[in-house]
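Working through the structure, step by step
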Amino acid sequence: MEWTTDELREAYLRYFEERDHRRKEGSGLIPDDPSMLFTSAGMVQFKDIFWGKREPEETRVTTCQKCFRANDIERVGETWYHHTFFEMLGNFSFGDYFKRGAIELAWEFVTAVLSFEKENLWVSVYETDDEAYAVWRDEIGVPERKIARLGKDENWWGPVGDSGPCGPDSEIFYDAGEEYSCGPDCEGVACDCNRFNELWNLVFTGYQMNRQGEVEELERQNIDTGMGLERVAAVLQGVDSDFEIDVFRPLIEELKEIIGLNDYSPEKTSYVHRIGDHLRGAAFLISEGVIPANEGRGYVLRRIIRRAVQAGDRLGMKETFLTSALPPIYDTMGGTYPELVDRKDLIENVIDHEEGSYRNTLNEGEQLFYRLASDLREEEKKVIPGEDAFRLYDTHGLPLSFLKELANEENLEVDEEGFEQEMAKQRSRSRSEQEDAEGLHEVADVPETEFVGYEKDCLKAQVLALIGDGEKTDRLSEGEEGVAVLDRTPFYAEAGGQVSDVGTLEAEDSRAAVHKVVERKGIYYHRLEMETGRLKVDDNIEARIETRKRRSTERNHTGTHLLHQALQQVLGPHVVQSGSKVAPEELRFDFNHFEIPTEEEQREIENLVNDVVLSDRPVSKNWVDSVEKAKELGAAAHFEEEYRGKEKLRTITVEGFSKELCGGTHVSRTGEIGGFAIQSIETIASGIRRIRAVTGENFLSEFRSQRDRLERLAELAGSGKSGIVKRFESILSQQETLRNELERKTERLLSTVKDQVLEEAETLDGVRLVSARPEVDGSDLKRLADHVEKEVDGVVILGTTEEDSASIVCKVTKSLTDVLDAGEIVREASAVLGGGGGGSANFAQGGGPKKDQIDEALRSGANIVRSTIG
């Protein structure tokens, strides 16, 4: 029987279901774990059970898990079996069976269900795992010569991330035969050659490792197994490579047809395999909401798309092509994973945009890298200095991992230690600049500040510490600037994108204006300027925020939550906040999306927010004790890592619309927002858009400003407001008529000048040379050269002068570009003018400030032609 991949997946899950395992859905590729970028194994969704943090609902489970790994990305395409995206079949035991049970179940499946010949199977165990060795030898009957004891690099699994469950493992291998061996020095099942194909990894998870690398036994012994679906399918289908199995073959064949590949050399085949793997991986990541970015998951997605583009470039693909190869992925995987088909428009838009963007920018940073690499080779150096690597990262956006990949292709290395030193210097400078700007000198001998700003705008407080000129002091006097630390405060400290409150500190004979508040380690630092009197340590004062600005900020912050939810509803669930600023004047919201929303989408977003505002829904604020609890209640946790470890977390819920973790200040009902208007949408980085919007008083101010501008335009156009559109349509129509008439006159003039110029042509050995100084504007010089070239099989050199400069253009008939270069001619002529220029062999332009040398410049260019043709 030749198994299809779908049949293998179902047979595995059914086999374990029949042996009292509950079949569960695999989790998504985006794990609920801040220590991991992607789900890289089947056990990830059960990590808390393995850790003992959560009790299992069942003791036996089986899954088919979508996985994504980028740790071996450089090997994708170079081997038969390395992938970024793949499927992992797994069976799990939580305190039920252990080593003997896992081994017996696995052996029965591969030999009785899949009908592998026992003679072709080998196994490995951890070097000190005598128990597993004995089960394989004595109970299963595997000969000792086919049981390999291997070390920690080969037969110890985990943890996933920097800590977690781990333990020894045992693997089952299929022996493809000696003809696939790398030779007499083959290391057996530990070798990377193609003879031994790993079918299954049985992990005996009896330990956990902490972040310090210390290992201790778990109270409950567990089993975690992983069978690579693609690898086993390749063996069962009798093909050498995973890229030849039924779910991969149509994609590879489609790519070969698109590329027009007839040369199936190993190098070119590896490029096709790389494109196929990365395209499949990109489709799955995008279907789960990942969008290209310069960090985190988005960077991994960007990297695999760009690697696919680079591979296509090496195969001669100079235009966008990736999206045209997507249909086989939908056809082969869409039945099992319908999200691919449901989100095909998003997948295609993102990939097409990213490929086009990358090709269009290919890439100032990369060009600088290759120039640097060339210089290093000339100097016979092999290492890119850390300072240069950091500049490519900091100024041109090339991440270290990508730099290492480019360097490897050029047989160079990157000074990673030097790079990290430069990164540390920059962080240090940023901290120093920030602290200098804030005038901070942190104090450690005062208790944490009690923040009561959610409930109060004004309160009595005591001054615990003062800072002036960057040092602690016991008083600040009129006219001085400094920082005050209070025992309690109503001032919101800048955090979570929300600016701090401003206001005043007042005592009996003094008053200070508070301009900014920041929080460090629970202490609130109030940046202030003394307006009257003196402020002393231990003074009792009244702290009062400026309530009008606070209310405006609250409207904008709740408006930001409404905007985020509206973006997800209109553009798709992939939209995630990547930054924000909430101030009294406006809200600014950065988010990931492959293009700027259309006018129609913008209006839909605006309408959705205003519908919620006008429905005057209650906004509730509640406290929970963990990120997990908040998420159980349905709260979105953006920048989740900021909240982990905190004892109390605040959720903001807009009834029936949105729920988020947020420590900022908010309105009590959406009606208080008053109104919402998008001011602008712009691109601030590749794949990142920024919306600026206003609410409340600023919304009203914007409305009045628009009305005033409309009235002024109506006045200028000589019409009422109701007729202004028709009036401007009429003006624009007249403008277009005049523009067309001017164009016709310009063409007639250029035709006349062309005839005059042609009279000055000379013939050199059958080649016509036109070198002239027509009386036309510099902006029309190229058009005139185009007209002349149509009637000249040869070279056209034209020059003209304007107020403070001279311009020159050259066109060379394409049949002559193997002996004459327009760029060279223009550079020579422009040098006479004291300037520069350049272009292609067919056309170039330039100029310079020495306009009185225009005739000499033209002679210089013409002489190059005469000497070459002569």
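Residues numbered from 1 in each chain as written. Predicted model: local features only at pLDDT ≥ 70, side-chain atom pairs only at ≥ 80, totals over all residues. Heavy atoms only, no water.

What follows concerns the environment of Ser 241. Tracing the chain through its elements places Ser 241 in the loop between α6 (229-236) and α7 (249-259). Residue classification places Ser 241 among the buried positions, given a relative accessible area of 2%. Residues Ser 241 and Gly 559 lie 318 residues apart in sequence; the distance between their C-alpha atoms is 53 Å. Ser 241 has contacts with Trp 80, Ala 234 and His 273, leaving out every residue within four places of it along the chain. One polar contact links the side chain of Ser 241 to the main-chain amide nitrogen of Phe 243, over a distance of 3.0 Å. (Helix = DSSP H or I, 4+ residues; strand = E, 2+ residues; numbered from the N terminus. Buried < 20%, exposed > 50% of the residue type's maximum accessible area, 1.4 Å probe, protein only. Contact = heavy atoms within 4.5 Å. Polar contact = N/O pair within 3.5 Å; in protein donor to acceptor, adjacent residues only side chain to side chain.)

By secondary structure assignment, the location of Asn 610 is in helix α18 (residues 599-614). Residue classification places Asn 610 among the buried positions, given a relative accessible area of 19%. A polar side-chain atom of Asn 610 sits 2.9 Å from the main-chain amide nitrogen of Phe 676. In contact with Asn 610, other than residues within four places in its own chain, are Gly 675 and Phe 676.

All told, the structure shown has 28 aromatic pairs when counted by the stated rule. Geometrically, the ring pair formed by Tyr 15 and Phe 16 is edge-to-face, given 4.9 Å between the ring centres and 90° between the ring planes. Of the two residues examined, Tyr 15 and Phe 16, each falls in the buried class. Measuring from ring centre to ring centre gives 5.1 Å for Phe 451 and Tyr 454, while their planes differ by 80°; the resulting arrangement is edge-to-face. Classification of Tyr 454 as partly exposed rests on a relative accessible area of 28%. Over the ring of Phe 248 we find Arg 280, and its NZ or CZ is 4.2 Å from the ring centre. When the ring centre of Phe 843 is taken as origin, the NZ or CZ atom of Lys 782, which lies over that ring, is 5.1 Å away. (Phe/Tyr/Trp six-rings, centres within 6.5 Å; stacked < 30°, edge-to-face > 60°. Lys NZ or Arg CZ within 6 Å of the ring centre and 35° of its normal.)

A large share of α6 lies buried, amounting to seven of its eight residues. Within the sequence span of α6, burial applies to Leu 229, Glu 230, Val 232, Ala 233, Ala 234, Val 235 and Leu 236. Taken together, the buried residues of α6 touch α1 (5-17), β3 (85-94), β7 (164-175), β8 (196-209), β9 (215-228) and α8 (266-287). Count one or two residues on from α6 and you reach Gly 238, which has phi positive near 70°.

Our next topic: the sheet that holds strand β27 (residues 658-661). Spatial ordering of the open sheet is given by β25-β26-β27, a layout of three strands whose pairing is antiparallel. The sheet is open, and its two borders are formed by β25 (619-624) and β27, each paired with just one other strand. Shown here is a sheet whose adjacent strand axes are inclined to one another by a mean of 20°, direction ignored. The pairing of strand β26 (residues 649-654) with β27 spans four bridges and is antiparallel. In the sheet register, Val 654 faces β27, and the bridge partner there is Ser 658. Where helix α17 (residues 547-571) meets the sheet, its contacts fall on β25, β26 and β27, and the angle it forms with β27 comes to roughly 115°. (Pairing = 2+ DSSP bridges. Axes fitted to C-alpha atoms, helices over the stretch in contact; angles between N-to-C directions.)

The grouping of Asp 153, Glu 154, Asp 185 and Glu 187 at the surface amounts to a negative patch. You can see Glu 154 is positioned in helix α5 (residues 152-155). Glu 154 sits in the partly exposed class, given a relative accessible area of 37%. (Patch = residues over 30% accessible without salt bridge, like charges linked within 9 Å, V, L, I, M, F, W, Y side chains within 5 Å. Areas by Shrake-Rupley, 256 points an atom, 1.4 Å probe, with all protein chains shown as cover. Salt bridge = Lys/Arg side-chain N within 4 Å of Asp/Glu carboxyl O. Lys, Arg positive; Asp, Glu negative; His and termini not counted. Charge placed at Lys NZ, Arg CZ, Asp CG, Glu CD.)

For the rest of this paragraph, the subject is the nonpolar core. Here is a general trend for soluble globular proteins: nonpolar side chains tend to be buried in one another's company. Counting residues in hydrophobic clusters, the biggest one holds 111 residues, and the most contacted among them are Trp 136, Trp 200, Ile 275, Leu 322, Leu 340, Ile 351 and Ile 384. A total of nine residues in this core trace back to one element, the largest contributor, which is α8. Filtering out sequence-adjacent residues up to four positions away, Ile 351 remains in contact with Leu 279, Ala 282, Ile 286, Ile 305, Leu 322, Thr 323 and Leu 326. Counting residues in hydrophobic clusters, the runner-up holds 26 residues, among them Leu 562, Ile 652, Val 654 and Val 667. (Core = buried A, V, L, I, M, F, W, Y, C linked by side-chain atoms within 4.5 Å.)

This brings us to the confidence of the model for the chain. The predicted coordinates of low-pLDDT regions are not to be read in fine detail. Residues of the chain with pLDDT of at least 70 account for 94%, and the chain-wide mean is 89. Within the chain, helix α19 (residues 627-632) has the poorest average pLDDT of any element, 62, and strand β17 (residues 488-489) the best, 98. (pLDDT = per-residue confidence, 0-100.)

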